[in-house]
Amino acid sequence: MLKFSYSIPTNVHFGKGRIKVLAKEIKKYGSKVLLTYGGGSIKRNGLYDSIVEIFNENDISFCELNGIDPNPRLTSVNEGIKICKENNIDFILAVGGGSVIDCSKIIAAGYHYEGDPWDFFIGKARIKQALPIGTILTLAATGSEMNGNAVISNMETEEKLGTFGESLKPKFSILDPTYTMTVPVKQTAAGTADIMSHVFEQYFSPTEGAFLQDRLAEAVLKTCIEYGPIAIKNPENYEARANLMWSSSIALNGLLTYGKITDWATHGMEHELSAIYDITHGIGLAILTPNWMEHVLDNGTVDKFVEYGVNVWGISLEEDKYSVARKAIEKTREFFKGLGIPMTLKEVGINEERLQEMAEKATKFRPLGGFKKLDKNDVLEIYKASL
Ligand code: NZQ
Ligand code: ZN
């Protein structure tokens, strides 16, 4: 029986040139801004200059935190909190992909917290309050532009953990697909895989009767299958970039989850890989996903795989359900491969050495998965099948 409360408060300004609303949006919340960004892609493609021009024209004063790494570090969070406190910052503008946005969210929460912001990730503290944050998204992948999640890496403990806070949801997000036209092929492929994985984590669920959510989920998957390859072949194709960008937000803003038990086992397993080996999140997901699918396929789950195969891949219903399910899994693997993603852990520098340790860490608190529960041995088997 479906039962939920709906809350997606982020104002989205979507389309070419929507940066025009930036000054007006910021001024609703603050006057002293921390501008956060990554390793320099926004300087190379001119977005940084456009933002500074808008700030100057509108008397918006600002400080900067740059160099936020992919798989953002706790050290950048602490650096950002310090800048905010020293400069009485009242608004954070995150310009980048999920890493910059996630790091900015925890800076926003850490500003109002006296302890170590890592406490938010290890269950020692809950996020109650945060500085208001806005985003200009430059990479379609995580959905962080429209949700209250953040994932941070602690290099000292080799952990990569997630947290959530209602107050972390961006006040506004500017989604201009032209900003994603400079995203390299590898990141476009990884982003597409990440979006699809977010959908899988919510689609493969034991909850029955969420017909609308399931059809919406299939639509997002079909959008990625249609436009991922086009964006890779022609990075400046607006239609492809726009459809991928909107998919990234819809895939993880809550819409597909409402009322459903969700899985998130593949993400749990992937975060262990990135925590130790610092690999690209979407690549890790693409490697693990088909192996996870094969591992969880059984009499209790096969019907969902048939639904997926028929509705998403157009596989015709045959007598043997398992044959449809296996074809759907193979299509998934082939699709990721076709995007140019290396499909084995060895290709991204991960060998057998620490698989046992990662399987233990992934299941330290509880088994993974809501579609099918995975214990340490299941996780280890999936890792081994992915080698
Ligand atoms: O740092 P710069 O120079 O900007 O380069 C970035 C970075 O190297 C580059 N890039 C971004 N936009 C670009 C661009 N290069 C050229 N042109 C552009 N327009 O892409 C690289 C990767 O950026 P990153 O932000 O790390 O990628 P993504 O958006 O995939 O974020 C990944 C992070 O988000 C977390 C992941 O675990 C990972 O840490 N996730 C966050 C979630 C959330 N908040 O809801 C959910 C996800 O499942 C995920 O776990
Ligand atoms: Zn993800």
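Everything quoted here is computed from the prediction, not taken from an experiment.

### Regarding the layout of surface pockets
Using a probe with the size of a water molecule, rolled over the atoms, empty space left in the structure can be pinpointed. Counted as a void, the second largest pocket has a volume near 340 Å³. For the lining of the second largest pocket, the per-class residue count stands at four nonpolar, nine polar and two charged. Residues from two domains meet in the lining of the second largest pocket; each of domain 1 (11-179) and domain 2 (184-385) gives at least three.

### Details of the site of ligand 1
What surrounds ligand 1 is a group of 32 residues, the closest being G39, S41, G98, S99 and K160. Taking G39, its main chain carries an N or O atom lying 2.7 Å from an oxygen atom of ligand 1. T138 has a polar side-chain atom sitting 2.8 Å from a nitrogen atom of ligand 1. Protein contacts shield 89% of the accessible area of ligand 1, which totals 960 Å² for the unbound molecule. Sorting the residues of the shell around ligand 1 by element identifies α5 (98-110), β6 (149-154), α6 (185-203) and α9 (265-277) as the ones contributing at least two each. Taken together, the residues of the shell around ligand 1 sort by class into nine nonpolar, 20 polar and three charged.

### Quick word on the packing of aromatic side chains
The full count for this structure, using the stated rule, is 21 aromatic pairs. Ring centres 5.0 Å apart and planes at 50° place the aromatic pair F55 and F62 in the tilted group. The buried category is assigned to F55, whose relative accessible area is 0%. Of the residues examined, F62 reaches a relative accessible area of 25% and is grouped as partly exposed. Grouped by ring-pair contacts, the aromatic residues F200, Y203, F204, W292, F305, Y308 and F371 constitute a single cluster. One cation-aromatic arrangement involves K43 over Y48; the distance from NZ or CZ to the ring centre is 4.5 Å. Over the aromatic face of Y203 sits the side chain of K304, whose NZ or CZ is 4.4 Å from the ring centroid.

### With respect to the packing of helix α11 (residues 302-313) against helix α12 (residues 321-338)
Remark: α11 packs on α12, axes separated minimally by 8 Å, with the N-to-C direction vectors making an angle of 55°. On the basis of the axis angle, α11 is oblique to α12. Crossing of α11 against α12: the hand is left-handed. The residues of α12 that touch α11, namely those facing V302, D303, F305, V306, Y308, G309, V310 and W313, are K321, Y322, V324, A325, A328, I329, K331, T332 and F335. Among the residues forming the contact of α11 with α12, the class breakdown is twelve nonpolar, two polar and three charged.

### Considering the coordination of the zinc ion (ligand 2)
Looking at the metal site, the zinc ion (ligand 2) is ligated by D194 (OD), H198 (NE2), H267 (NE2) and H281 (NE2), spaced 2.0 to 2.2 Å from it. Read in sequence order, the donor residues for the zinc ion (ligand 2) give the motif D-x3-H-x68-H-x13-H. Of this pair, H267 sits in helix α9 while H281 is found in helix α10 (residues 281-296), placing the two residues 14 residues apart along the sequence.

What counts as what
Residues numbered from 1 in each chain as written. Chains lettered and ligands numbered in written order. Predicted model: local features only at pLDDT ≥ 70, side-chain atom pairs only at ≥ 80, totals over all residues. Heavy atoms only, no water. 1 Å grid on protein atoms, 1.4 Å probe; cavity = no way out; pocket = protein on both sides within 12 Å on 5 of 7 lines; lining within 4 Å. Points joined across faces, edges and corners; volume = space filled by probe spheres on them. Nonpolar A, V, L, I, M, F, W, Y, C, P; charged D, E, K, R; others polar. Domains from an automatic or database assignment. Near = heavy atom within 4 Å. Polar contact = N/O pair within 3.5 Å; in protein donor to acceptor, adjacent residues only side chain to side chain. Areas by Shrake-Rupley, 256 points an atom, 1.4 Å probe, with all protein chains shown as cover. Helix = DSSP H or I, 4+ residues; strand = E, 2+ residues; numbered from the N terminus. Phe/Tyr/Trp six-rings, centres within 6.5 Å; stacked < 30°, edge-to-face > 60°. Buried < 20%, exposed > 50% of the residue type's maximum accessible area, 1.4 Å probe, protein only. Lys NZ or Arg CZ within 6 Å of the ring centre and 35° of its normal. Axes fitted to C-alpha atoms, helices over the stretch in contact; angles between N-to-C directions. Parallel < 35°, antiparallel > 145°, perpendicular 65-115°, else oblique. Left-handed = near helix turned anticlockwise from the far one by under 90°. Contact = heavy atoms within 4.5 Å. Donors = N, O, S within 2.8 Å, 3.2 Å for Na, K, Ca; no water.

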